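Residues per chain are reported as follows:
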Amino acid sequence: MTRQTKSPQKNKQKSQKKQKKSTDKSAPGMWSLGFYRFLALISLCLLLVCFFIYGVTRAPEQRTLALLIFALPLALPIRGTLLGRAYTFGYGSLMASVYFLLASSLYIFHLDWARYVMLVAATAALLWFFACLVHNKKIKTARRQSSK
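These numbers come from a predicted model, not from an experiment.

What follows is about the nonpolar core. With 27 residues, the main nonpolar core has Leu47, Phe51, Leu74, Met118, Ala121 and Trp128 as its most contacted residues. Among the secondary structure elements, those contributing two or more residues to this core are helix H2 (33-58), helix H3 (63-70), helix H6 (86-109) and helix H7 (114-147). With ten residues, the top contributor of residues to this core is H7. Excluding its chain neighbours within four sequence positions, the residues that come into contact with Leu74 are Leu44, Leu47, Leu48, Phe51, Met95, Tyr99 and Trp128.

Structure representation (structure tokens):
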């Protein structure tokens, strides 16, 4: 009795199917890397607009200084976010936490319409923070899978 072996072509096809199944695994409801990059960009721009509105309307005598302090640091990571650089998303999450604290404190101390602008800003900062974290996590897992 001789034992028949499978042809190398069939083995190759099976291994390709296994690799395809392992790389296609994603949790249900999870979006792609591009979605988180887009979410980070939209929330960053929304945060920039909120602090621009706040800087222009709340401090008319010190408008330039307020815009330099609030809006300029938010304009710096836009290019890196558009290009999808992991380093930008890393320090973007740190910036988002600072801007969340700033927007939360301004929300507490204002009693007029600026309170609602700061509520939107705090929400945008939270979205930016979580989008940056998830984006970097997805990049790390993609690099880990590609190195295997």
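As a further point, take the packing of H2 against H7. Look at H2 against H7: their axes get within 8 Å of each other, and the N-to-C directions meet at 155 degrees. Classed by the angle they form, the pair H2 and H7 counts as roughly antiparallel. For H2 against H7, the interelement crossing comes out left-handed. Within the contact of H2 with H7, the residues separate by chemical class into 22 nonpolar, two polar and three charged.

Two descriptors summarise a pair of aromatic rings, namely the distance from one centre to the other and the angle between the planes of the rings. Throughout the structure, instances matching the rule amount to six aromatic pairs. A ring pair is formed by Phe51 and Tyr99, whose centres lie 5.2 Å apart and whose planes are at 70 degrees; its orientation type is edge-to-face. With a gap of 48 residues between them, Phe51 in helix H2 and Tyr99 in helix H6 connect regions that are remote in the sequence. In terms of burial, Phe51 and Tyr99 fall into one category: buried. Taken together, the ring pairs connect Phe51, Tyr54, Phe70 and Tyr99 into an aromatic cluster. Sitting above the plane of the Tyr107 ring, Arg115 keeps its charged end 4.4 Å from the centroid.

A few words now on the environment of Pro73. Assignment of secondary structure puts Pro73 in helix H4 (residues 72-75). The contacts of Pro73, once residues within four sequence positions are left out, are Leu68, Met95 and Tyr99.

What follows is about the packing of H2 against H6. Packing of H2 against H6 leaves a shortest axis separation of 12 Å and a crossing angle of 40 degrees. Relative to H6, the element H2 is oriented oblique. Note on packing geometry: the crossing formed by H2 with H6 is left-handed. Judged by residue contacts, Arg37, Ala40, Leu47, Phe51 and Tyr54 of H2 engage Phe89, Tyr99, Leu102, Ala103 and Leu106 from H6. Within the contact of H2 with H6, the residues separate by chemical class into nine nonpolar, no polar and one charged.

On the surface, Val49, Phe52, Ile53, Trp113, Tyr116 and Leu119 cluster together into a nonpolar patch covering about 610 Å² of accessible area. Counting residues per element, the ones that place at least two in the nonpolar patch are H2 and H7. Top contributing element to the nonpolar patch by residue count: H2, with three residues. Within the secondary structure layout, Trp113 lies in the loop between H6 and H7. By relative accessible area, Trp113 is classed as partly exposed at 42%.

Summarising the element assignment, Asn136 is placed in helix H7. Classification of Asn136 by relative accessible area gives buried; the value is 17%.

How each quantity is defined
- Residues numbered from 1 in each chain as written.
- Predicted model: local features only at pLDDT ≥ 70, side-chain atom pairs only at ≥ 80, totals over all residues.
- Heavy atoms only, no water.
- Core = buried A, V, L, I, M, F, W, Y, C linked by side-chain atoms within 4.5 Å.
- Buried < 20%, exposed > 50% of the residue type's maximum accessible area, 1.4 Å probe, protein only.
- Helix = DSSP H or I, 4+ residues; strand = E, 2+ residues; numbered from the N terminus.
- Contact = heavy atoms within 4.5 Å.
- Axes fitted to C-alpha atoms, helices over the stretch in contact; angles between N-to-C directions.
- Parallel < 35°, antiparallel > 145°, perpendicular 65-115°, else oblique.
- Left-handed = near helix turned anticlockwise from the far one by under 90°.
- Nonpolar A, V, L, I, M, F, W, Y, C, P; charged D, E, K, R; others polar.
- Phe/Tyr/Trp six-rings, centres within 6.5 Å; stacked < 30°, edge-to-face > 60°.
- Lys NZ or Arg CZ within 6 Å of the ring centre and 35° of its normal.
- Patch = residues over 30% accessible without salt bridge, like charges linked within 9 Å, V, L, I, M, F, W, Y side chains within 5 Å.
- Areas by Shrake-Rupley, 256 points an atom, 1.4 Å probe, with all protein chains shown as cover.
- Salt bridge = Lys/Arg side-chain N within 4 Å of Asp/Glu carboxyl O.

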